Amino acid sequence: METSPKAASRREERNTFLLLAVVLFPVVAVMFVAGYGFVVWFWQMFVSGPPGH
């Protein structure tokens, strides 16, 4: 049983959306927050000192 090109295209579109929404965006968001935390930590370690210093 062959699927029509339109159905195959919709399946690819759904799979791409799921990959982006479930895998890629959360991973990028976590990396962004972790990177920001690392920059703040690094800045406090070498430049400004701990808060309230």
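Structure first, text after, so check above.
None of these values were measured; they are calculated from a predicted model. (Residues numbered from 1 in each chain as written. Predicted model: local features only at pLDDT ≥ 70, side-chain atom pairs only at ≥ 80, totals over all residues. Heavy atoms only, no water.)

## As for the overall build of the protein
Now for step 1: In terms of regular secondary structure, the protein is built from 1 helix and 0 strands.
Now for step 2: Computed over the C-alpha atoms, the radius of gyration of the protein is 21 Å, more than 25% above the 10 Å expected from 2.2 N^0.38 for a compact globule of 53 residues.
Now for step 3: In terms of overall dimensions, the protein has C-alpha extents of about 70 × 15 × 15 Å along its principal axes.
Now for step 4: Scored against the burial criterion, the 53 residues of the protein give a buried share of 2%.
Now for step 5: As presented, the protein carries roughly 5100 Å² of accessible surface, and 72% of it is formed by carbon and sulfur atoms. (Helix = DSSP H or I, 4+ residues; strand = E, 2+ residues; numbered from the N terminus. Rg over C-alpha atoms; globule rule 2.2 N^0.38 Å. Buried < 20%, exposed > 50% of the residue type's maximum accessible area, 1.4 Å probe, protein only. Areas by Shrake-Rupley, 256 points an atom, 1.4 Å probe, with all protein chains shown as cover.)

## Quick notes on the packing of aromatic side chains
In this description, an aromatic ring pair is defined by two values, namely the gap between the centres and the angle between the planes.
Now for step 1: Tallied over the entire structure, the rule returns 3 aromatic pairs.
Now for step 2: Seen in terms of ring centroids, Phe38 and Trp41 are 5.5 Å apart; in terms of plane orientation they differ by 45 degrees. Their pairing is tilted. Here Phe38 pairs with Trp41, and both are found in helix H1 (residues 5–48), just 3 residues apart, close to one helical turn.
Now for step 3: Note on Trp41: relative accessible area 45%, which makes it partly exposed.
Now for step 4: Here the aromatic cluster, defined as three or more aromatic residues joined through ring pairs, consists of Phe38, Trp41, Phe42 and Phe46. (Phe/Tyr/Trp six-rings, centres within 6.5 Å; stacked < 30°, edge-to-face > 60°.)

## Here's the deal with a nonpolar patch on the surface
Now for step 1: Where nonpolar side chains cluster on the molecular surface, the patch consists of Phe17, Leu18, Leu19, Leu20, Val22, Val23, Leu24, Phe25, Val27, Val28 and Met31 and spans about 1000 Å² of accessible area.
Now for step 2: Mapped onto the fold, Leu24 is located in helix H1. (Patch = residues over 30% accessible without salt bridge, like charges linked within 9 Å, V, L, I, M, F, W, Y side chains within 5 Å. Salt bridge = Lys/Arg side-chain N within 4 Å of Asp/Glu carboxyl O.)

## Quick word on H1
Now for step 1: Compared with the 64 Å implied by 1.5 Å per residue over 44 residues, the 60 Å span of H1 between its first and last C-alpha is a close match.
Now for step 2: The largest bend in H1 amounts to roughly 35 degrees and is located at Leu20.
Now for step 3: After H1 finishes, the residue Gly49 shows a positive phi value of roughly 80 degrees. (Expected span 1.5 Å × (residues − 1). Bend = angle between axes of the 7 residues up to and from the residue.)

## Describing the environment of Phe42
Now for step 1: On the secondary structure map, Phe42 appears in helix H1.
Now for step 2: Sequence separation between Phe42 and Gly52 is 10 residues, and the spatial gap between their C-alpha atoms is 16 Å.

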